[in-house]
Amino acid sequence: MTVNAVSNFRGSAPGSIASSLRTHFDKQLVQLMEDTLRLGCLAHRGVARAMQALADRDVDLAREVIAADGEINRLRYDIETQCYALLATEQPVARDMRRIAAALTIASDLERVGDHGKRIARVFLRMHQGSQSIPLGDLPLISDLSLDMLDRALHALGESNISEAEAVCRADDRVDALYKQAFNVVLSYMLEAPRLIDAGTHLLQIAHELER
C-alpha cells in the first residue's frame, strides 16, 4: 500500500476500509474471469482456423495457427500468475477459493485445446506434402460439434449456468460416437488401399485431436 493510499484511509471507519479491500478483490476476480474467457476464445479460434486450413488446403493459415499458439501459452501463464498472487495475498476462502482453483484448472484445459489446434495444423502441413488424400468425411462435423461444446461451456462458465454445463457433458456422447464412426471409415480406406495408409494415419490423428 502506498503512502498516499494510507493517507486516504486515515480517519476512515474500519468497515469502509474492509469494503474498499473487498471491492478491489472483486475486481481482480472479474479480471481473472475475463482473461479465462478470452483464453477460451483464442483456443476456439485456433482449432477453427486449423480446420479451415485443412478444408481449404491453406498452408499459410496453418502456419499462422501454429505461430498464434504462443499468445495462448502466454495468457495461460498470466492467468496462473494471477491465481497464485490472489491465493498468496488475499487468502480467499469458500466460494472465492473455489473460483480461483477452477480458473487454474480451466486455464490449463483451454491451453490444451489450443495445443490441439496447433497439432491439427501441423498434421495438415505433413499431409500437404503427400500425393494421396482421403475425404474428410465426418471430421468437419466433429469439429463443429466440439467447438459448439466449447462455446457452450464458456457461456456456462461466464453465466454460472450449472444446467448448461451438465448439458455440455451429455453432448460429448455424440462426439465420441462420430469419432468412432470416422475412425472405422478411414480405417476401411486404409485396408482397401495400402497406398492411403499415410493419408489415413494423418486423418486419424486429426480426428483424435478433435475428440480430445
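Calculation notes
Residues numbered from 1 in each chain as written. Predicted model: local features only at pLDDT ≥ 70, side-chain atom pairs only at ≥ 80, totals over all residues. Heavy atoms only, no water. Helix = DSSP H or I, 4+ residues; strand = E, 2+ residues; numbered from the N terminus. Rg over C-alpha atoms; globule rule 2.2 N^0.38 Å. Buried < 20%, exposed > 50% of the residue type's maximum accessible area, 1.4 Å probe, protein only. Contact = heavy atoms within 4.5 Å. Areas by Shrake-Rupley, 256 points an atom, 1.4 Å probe, with all protein chains shown as cover. Lys, Arg positive; Asp, Glu negative; His and termini not counted. Charge placed at Lys NZ, Arg CZ, Asp CG, Glu CD. Axes fitted to C-alpha atoms, helices over the stretch in contact; angles between N-to-C directions. Parallel < 35°, antiparallel > 145°, perpendicular 65-115°, else oblique. Left-handed = near helix turned anticlockwise from the far one by under 90°. Nonpolar A, V, L, I, M, F, W, Y, C, P; charged D, E, K, R; others polar. Salt bridge = Lys/Arg side-chain N within 4 Å of Asp/Glu carboxyl O.

Asks: What should I look at first to understand the overall build of the chain in this one?
Replies: Broken down by element type, the chain carries seven helices and zero strands. Listing the helices and strands of the chain from first to last along the sequence gives α-α-α-α-α-α-α. On C-alpha atoms alone, the chain measures out to a radius of gyration of 22 Å, which is more than a quarter above the 17 Å that the 2.2 N^0.38 rule sets for 212 residues. Its C-alpha atoms give the chain principal-axis dimensions of roughly 85 × 35 × 25 Å. Per-residue burial over the chain gives 38% buried out of 212 residues. Taking contacts inside the chain between residues at least 6 apart in sequence as the whole, the part at least 24 apart equals 80%. Approximately 12300 Å² of the chain is accessible, and the part contributed by carbon and sulfur atoms is 53%. Across the chain, the mean location of the 24 positive side-chain charges is 4 Å away from that of the 30 negative side-chain charges.

Asks: How do you make sense of the packing of helix α5 (residues 139-159) against helix α6 (residues 162-192) when you look at a structure like this?
Replies: How two helices pack is summed up by the angle between their axes together with the distance between the axes. In contact at an axis separation of 10 Å, α5 and α6 are set at 165° when each is read in the N-to-C sense. Between α5 and α6, the angle falls in the class roughly antiparallel. Judged by the twist between their axes, the crossing of α5 over α6 is left-handed. Together, Leu 139, Leu 141, Ile 142, Leu 145, Ser 146, Met 149, Arg 152, Ala 153 and Ala 156 of α5 and Glu 164, Ala 165, Ala 167, Val 168, Ala 171, Asp 172, Arg 174, Val 175, Leu 178, Tyr 179 and Ala 182 of α6 make up the contact between the two elements. Grouping the amino acids of the contact of α5 with α6 by side-chain chemistry returns 15 nonpolar, one polar and four charged.

Asks: Quick question: what am I supposed to make of the pattern of salt bridges here?
Replies: Any two side chains of opposite charge can pair if their charged atoms end up close together. Overall, the coordinates contain nine salt bridges when judged by the stated rule. Close ionic contact of Lys 118 with Asp 115 constitutes a salt bridge, the shortest N to O distance being 3.8 Å. A residue pair is termed a helical-turn pair when its members lie 3 or 4 positions apart in one helix, as Lys 118 and Asp 115 do in helix α4 (residues 94-128) at three residues. One salt bridge in this structure joins Arg 119 and Glu 209, with 3.7 Å as the shortest N-O distance. Here Arg 119 is found in helix α4, whereas its partner Glu 209 is found in helix α7 (residues 197-211), with 90 residues between them in sequence.

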